[in-house]
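# Residue-level structural notes
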Amino acid sequence: MRRRFAGSLGFVALVAASFVGAPPGGAAGSDDFPVIVKADNGKVEIEERPERIVSLSASATEILFAIGAGDQVVAVDEQSDYPAGVPTTDLSGYEPNIEAIAGYEPDLVVVGSPGVAEPLERLDIPVIEDDAPTRLKGAYRQFRRLGKATGHRDEADDAVAGMKQEIADLVEGVPDRDAPATAYWELDDTYYSVTSETFIGQVLTLAGLTNIADEADDTTDYPQLTSEFIVSADPDFILLADTECCGQSAETVADRPGWADLTAVRDGGVVELDDDVASRWGPRVVELFEVIVESTTT
């Protein structure tokens with residue numbers, strides 16, 4: 001699988017409402033260091049406000065720029081291409097070249113994959129590991145964690161509050177349906193998908209959609225479905241998160257054997273997503289959610 005990583009509307013509204021609230025107070029400026037942040041690789045102490053940050057996570061890169069820490073970022077990995085003008089390099093976030101990373105003389109490195117932090121820590125470089133979250137609240141925690149680590153706590157709190165409110169407003173617009181609408185989320189053209197126990201799965205639930213992958217006979221939250229399973233489920237919507245990586249589209253889906261008569265294909269329910277937006281948990285989550293809601297309720 002390529003690295004990207006039901007319920008009533010009453011429940012959806014309740015969940016959305018729980019995301020809206022006043023952010024914790026407190027500002028972090030240049031005089032507030034040292035700080036200790038709790039990351040996925042443990043507690044990380046940062047002695048001074050970092051001025052040479054290397055980001056090896058596309059989602060973290062987007063978050064850093066969204067909270068006002070962009071000027072402190074000196075290099076990002078090859079997958080980081082947003083926002084425009086980020087200092088993209090050929091660094092890999094999955095198979096890191098430790099010597100190349102150290103060459104940027106970073107005072108903070110942010111990674112998004114397990115196992116990357118340890119060799120950098122041996123060089124006494126502070127490393128924050130932010131693995132893919134399984135819920136929106138996990139993404140919000142990463143905003144606040146990076147805000148604290150970079151001296152932009154207030155900006156991070158503001159970003160989170162804004163995202164929560166925008167998502168809550170979008171959920172308000174999800175109509176009540178006579179029958180639940182079903183959806184299939186496609187990670188790639190070999191039919192890998194996601195269950196409701198994932199970050200994307202929660203987004204689908206908030207949009208009022210029932211995820212067909214929840215019925216898969218699989219022990220993972222990223223099951224590989226079969227064409228037969230998907231055809232049998234006959235989803236109302238097919239959301240393609242593989243338009244760029246795999247060249248998939250409404251047309252290619254309709255050409256698959258046995259798929260032309262699916263409800264989603266017949267009724268125009270195939271939604272072509274931007275792979276990057278669909279696979280990252282940064283500030284563009286709101287953009288993704290808006291596309292999903294608008295595409296499945298109009």
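Look above for the structure.
Residues numbered from 1 in each chain as written. Predicted model: local features only at pLDDT ≥ 70, side-chain atom pairs only at ≥ 80, totals over all residues. Heavy atoms only, no water.

### A short note on the sheet that holds strand S8 (residues 209-211)
With parallel pairing, 4 strands are arranged side by side in an open sheet as S8-S7-S9-S10. Two strands close off the open sheet at either side, each with one partner strand: S8 and strand S10 (270-272). Ignoring strand direction, the axes of neighbouring strands in this sheet form an average angle of 30°. Alignment of strand S7 (residues 181-186) against strand S9 (residues 237-240), held across 4 bridges, turns out to be parallel. For Tyr184, the partnering residue across the bridge sits in S9 and is Ile238. (Pairing = 2+ DSSP bridges. Helix = DSSP H or I, 4+ residues; strand = E, 2+ residues; numbered from the N terminus. Axes fitted to C-alpha atoms, helices over the stretch in contact; angles between N-to-C directions.)

### Observations concerning a negative patch on the surface
Taken together, the side chains of Glu166, Asp169, Glu172, Glu244, Asp274, Glu287, Glu290 and Glu294 define an acidic patch exposed on the protein surface. Those elements that provide at least two residues to the negative patch are helix H6 (153-172) and helix H12 (285-297). You can see Asp274 is positioned in the loop between S10 and helix H11 (275-279). For Asp274, a relative accessible area of 34% corresponds to the partly exposed category. (Patch = residues over 30% accessible without salt bridge, like charges linked within 9 Å, V, L, I, M, F, W, Y side chains within 5 Å. Areas by Shrake-Rupley, 256 points an atom, 1.4 Å probe, with all protein chains shown as cover. Salt bridge = Lys/Arg side-chain N within 4 Å of Asp/Glu carboxyl O. Lys, Arg positive; Asp, Glu negative; His and termini not counted. Charge placed at Lys NZ, Arg CZ, Asp CG, Glu CD. Buried < 20%, exposed > 50% of the residue type's maximum accessible area, 1.4 Å probe, protein only.)

### Examining the packing of aromatic side chains
Applying the stated rule across the entire model yields 2 aromatic pairs. Summarising the aromatic geometry, the rings of Tyr184 and Trp259 are spaced 6.3 Å apart at their centres and angled 65° between planes, so their arrangement reads as edge-to-face. Residue Tyr184 is located in strand S7, and its partner Trp259 is located in the loop between helix H9 (250-254) and helix H10 (263-266); the two are separated by 75 residues in the primary sequence. On the basis of an interplanar angle of 20° and a centroid distance of 5.7 Å, the ring pair of Tyr191 and Trp259 is categorised as stacked. Placement of Tyr191 in the loop between S7 and helix H7 (199-206) and of Trp259 in the loop between H9 and H10 is noted, with a sequence separation of 68 residues between them. (Phe/Tyr/Trp six-rings, centres within 6.5 Å; stacked < 30°, edge-to-face > 60°.)

### Observations concerning the packing of helix H5 (residues 136-150) against H6
Contact geometry for H5 and H6: axes closest at 7 Å, N-to-C directions at 160°. The orientation of H5 relative to H6 falls into the category roughly antiparallel. Read as a crossing pair, H5 and H6 show a hand that is right-handed. On H6, the residues that touch Leu136, Tyr140, Phe143, Arg144, Gly147 and Lys148 of H5 are Arg153, Ala156, Asp157, Ala159, Val160, Met163, Lys164 and Ile167. Of the residues in the contact of H5 with H6, the class split is 8 nonpolar, 1 polar and 5 charged. (Parallel < 35°, antiparallel > 145°, perpendicular 65-115°, else oblique. Left-handed = near helix turned anticlockwise from the far one by under 90°. Contact = heavy atoms within 4.5 Å. Nonpolar A, V, L, I, M, F, W, Y, C, P; charged D, E, K, R; others polar.)

### Overview of the side chain of Asp77
Its place among the elements puts Asp77 in the loop between strand S4 (73-76) and helix H3 (98-102). A polar contact of 3.5 Å, which involves the side chain of Asp77, links it to the backbone nitrogen of Ser57. Filtering out sequence-adjacent residues up to four positions away, Asp77 remains in contact with Ser55, Leu56, Ser57, Ala58, Thr61, Thr88, Thr89, Leu91 and Gly93. (Polar contact = N/O pair within 3.5 Å; in protein donor to acceptor, adjacent residues only side chain to side chain.)

### Observations concerning the sheet that holds strand S3 (residues 53-56)
Ordered in space as S4-S3-S5-S6, the 4 strands form an open sheet in which the pairing is parallel. Either end of the sheet is taken by a strand with one partner, and the two such strands are S4 and strand S6 (127-129). Sheet twist, expressed as the mean angle between neighbouring strand axes with direction ignored, is 20°. Sheet analysis places S3 next to strand S5 (residues 108-111), joined by 4 bridges and oriented parallel. Bridge pairing in S5 links Ile53 to Leu108. Along the sheet, helix H2 (residues 58-66) makes contact with S3, S4 and S5, crossing S3 at roughly 140°. Of the strands in this sheet, S3, S5 and S6 are in contact with H5, which crosses S6 at around 175°.

### Overview of H7
In terms of residue burial, H7 counts as a mostly covered element, since 8 of its 8 residues are buried. Restricting attention to buried positions, one finds in H7 the residues Phe199, Ile200, Gly201, Gln202, Val203, Leu204, Thr205 and Leu206.

### Here's the deal with the pairing of S5
With burial as the criterion, each face of S5 is covered, one bearing Leu108 and Val110 and the other bearing Val109 and Val111. As judged from the 3 bridges shared by S5 and S6, these two strands associate in the parallel manner. Bridged to Val109 within S6 is Val127.

### Brief notes about the pattern of salt bridges
Within the structure shown, the criterion is met by 11 salt bridges. Salt-bridge contacts for Arg280 lead to Asp81; the nearest nitrogen and oxygen are separated by 3.0 Å. Of the two residues, Arg280 is situated in the loop between H11 and H12 and Asp81 in the loop between S4 and H3; the sequence distance between them amounts to 199 residues. On the basis of relative accessible area, Arg280 is assigned to the buried category, the value being 5%. Judged by relative accessible area, which is 44%, Asp81 ranks as partly exposed. One salt bridge in this structure joins Glu118 and Arg122, with 3.4 Å as the shortest N-O distance. A single burial state applies to Glu118 and to Arg122, both of which are exposed. Each member of the salt-bridge network shares a partner with another, and the members are Glu62, Asp81, Asp276, Arg280 and Arg284.

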